[in-house]
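# An overview of the molecular structure
Residues per chain, in single letters:
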Amino acid sequence: MRFTGSIDAKTDEKGRVFVPSVFRKVLQKEEEEGLVLRRDLFEHCLVLYPKSVWDARVDSVRARTNPFDRHQREGLRLFTADAENITLDSGGRMLIPRRYLEHAGIKSDVRFIGVDDTIEIWNKSAAEELMDDPDKVAGIMEEMMKNFNNT
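Bear in mind the structure is a predicted one, so any value in this text is a computation, not a measurement. (Residues numbered from 1 in each chain as written. Predicted model: local features only at pLDDT ≥ 70, side-chain atom pairs only at ≥ 80, totals over all residues. Heavy atoms only, no water.)

### Description of the confidence of the model for the chain
- Taken as a whole, the chain shows an average pLDDT of 93; of its residues, 98% reach a score of 70 or greater.
- In the model of the chain, helix α6 (residues 134–145) stands out as the element of lowest mean pLDDT, 85, in contrast to strand β4 (residues 46–50), which has the highest, 98. (pLDDT = per-residue confidence, 0-100. Helix = DSSP H or I, 4+ residues; strand = E, 2+ residues; numbered from the N terminus.)

Below, the structure written as structure tokens:
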């Protein structure tokens, strides 16, 4: 499952937003029933996981967690406790809980960004700043791919 592209939307006064149809079509094609929303670990944005992707991420973290290591258990707890099951209404809208809106600095204008098997939800102006420097993107990609061998 792959999500690509970025689509702008607006939240209503209750924090509801339409999940872009292009992303909903991917979810329907893959027969994904549920979604999980969580704050991003590194950025002030939100991450929307298809349930199967979320379950695989939690399984991966749990497999690396020693149940007798207090610090590792705390990591697993913090990772999973900050997640929220999300359902779309019949029109394709989701409700973003207030604490998540505040974390991401979302007032009204949002940008959905497809990132591989997840969908990020950004404050629109923060997303524009993120994408505004093509030299930064080129530098990051150059660093990531410098040892790439196309064989």
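### Describing the pattern of salt bridges
- Inspection of the entire model under this criterion finds 14 salt bridges.
- For the salt bridge of Arg38 with Asp82, the shortest nitrogen-to-oxygen distance reads 3.9 Å. In this pair, Arg38 is assigned in strand β3 (residues 35–39) and Asp82 in the loop between α3 (70–81) and β5 (83–86), connecting sequence segments 44 residues apart. For the pair formed by Arg38 and Asp82, the shared burial category is buried.
- When the shortest N-O distance is used, the salt bridge between Arg39 and Asp82 registers 2.8 Å. Of this pair, Arg39 sits in strand β3 while Asp82 sits in the loop between α3 and β5, placing them 43 residues apart in sequence.
- When its relative accessible area of 12% is taken as the criterion, Asp82 is described as buried.
- Connected through salt bridges with shared partners, the residues Asp8, Arg111, Lys124 and Glu128 form a single ionic network. (Salt bridge = Lys/Arg side-chain N within 4 Å of Asp/Glu carboxyl O. Buried < 20%, exposed > 50% of the residue type's maximum accessible area, 1.4 Å probe, protein only.)

### As for the nonpolar core
- Within the largest apolar cluster, 21 residues are counted, with the highest numbers of intra-cluster contacts made by Leu37, Leu46, Met94, Ile96, Phe112 and Ile121.
- Sorting the residues of this core by element identifies α1 (21–29), β3, β4, α4 (98–104), β7 (109–115) and β8 (118–123) as the ones contributing at least two each.
- Per element, the largest residue contribution to this core is 3 residues, and it comes from α4.
- Excluding residues within four positions of it along the chain, Phe112 makes contact with Gly5, Ser6, Ile7, Ala9, Val17, Phe18, Val19, Pro20, Phe23, Ile119, Glu120 and Ile121. (Core = buried A, V, L, I, M, F, W, Y, C linked by side-chain atoms within 4.5 Å. Contact = heavy atoms within 4.5 Å.)

### Let's talk about the packing of helix α2 (residues 51–63) against α3
- Where α2 contacts α3, the two axes come as close as 10 Å, and the packing angle between them is 170°. Put simply, α2 runs roughly antiparallel to α3. Residue-level inspection shows Trp54, Val58, Val61 and Arg62 of α2 in contact with α3, the latter providing Leu76, Phe79 and Thr80.
- Grouping the constituent residues of the contact of α2 with α3 by class yields 5 nonpolar, 1 polar and 1 charged. (Axes fitted to C-alpha atoms, helices over the stretch in contact; angles between N-to-C directions. Parallel < 35°, antiparallel > 145°, perpendicular 65-115°, else oblique. Nonpolar A, V, L, I, M, F, W, Y, C, P; charged D, E, K, R; others polar.)

### Quick word on a negative patch on the surface
- Together, Glu129, Asp132, Asp133 and Asp135 make up a negatively charged patch on the protein surface.
- Tracing the backbone through its elements, the reader meets Asp132 in the loop between α5 (124–131) and α6. (Patch = residues over 30% accessible without salt bridge, like charges linked within 9 Å, V, L, I, M, F, W, Y side chains within 5 Å. Areas by Shrake-Rupley, 256 points an atom, 1.4 Å probe, with all protein chains shown as cover. Lys, Arg positive; Asp, Glu negative; His and termini not counted. Charge placed at Lys NZ, Arg CZ, Asp CG, Glu CD.)

### A look at the sheet that holds β3
- An order of β1-β7-β8-β4-β3-β5 is seen for the 6 strands of this open sheet, with the pairing classed as antiparallel. Of all the strands in the sheet, the pair left with one neighbour each is β1 (6–10) and β5. Sheet twist, expressed as the average angle between the axes of neighbouring strands with direction ignored, equals 25°.
- When β1 meets β7, the two strands line up antiparallel, connected through 5 bridges. Across the sheet, the residue bridging to Ala9 is Val110, located in β7.
- Sitting on the sheet, α2 is in contact with β3, β4, β5 and β8, with an inclination near 100° to β4.
- On top of the sheet, α5 reaches β1, β7 and β8; it is set at about 110° to β8, its chief contact. (Pairing = 2+ DSSP bridges.)

### What about the pairing of β3?
- Burial runs high along β3: 4 of the 5 residues are buried.
- As judged from the 5 bridges shared by β3 and β4, these two strands associate in the antiparallel manner. Paired with Leu37 across the strands is Leu48, a residue of β4.
- Between the antiparallel neighbours β3 and β4 lie 6 residues.
- Relative to β5, β3 is paired through 4 bridges, and the arrangement is antiparallel. Paired with Leu37 across the two strands is Glu84, which belongs to β5.

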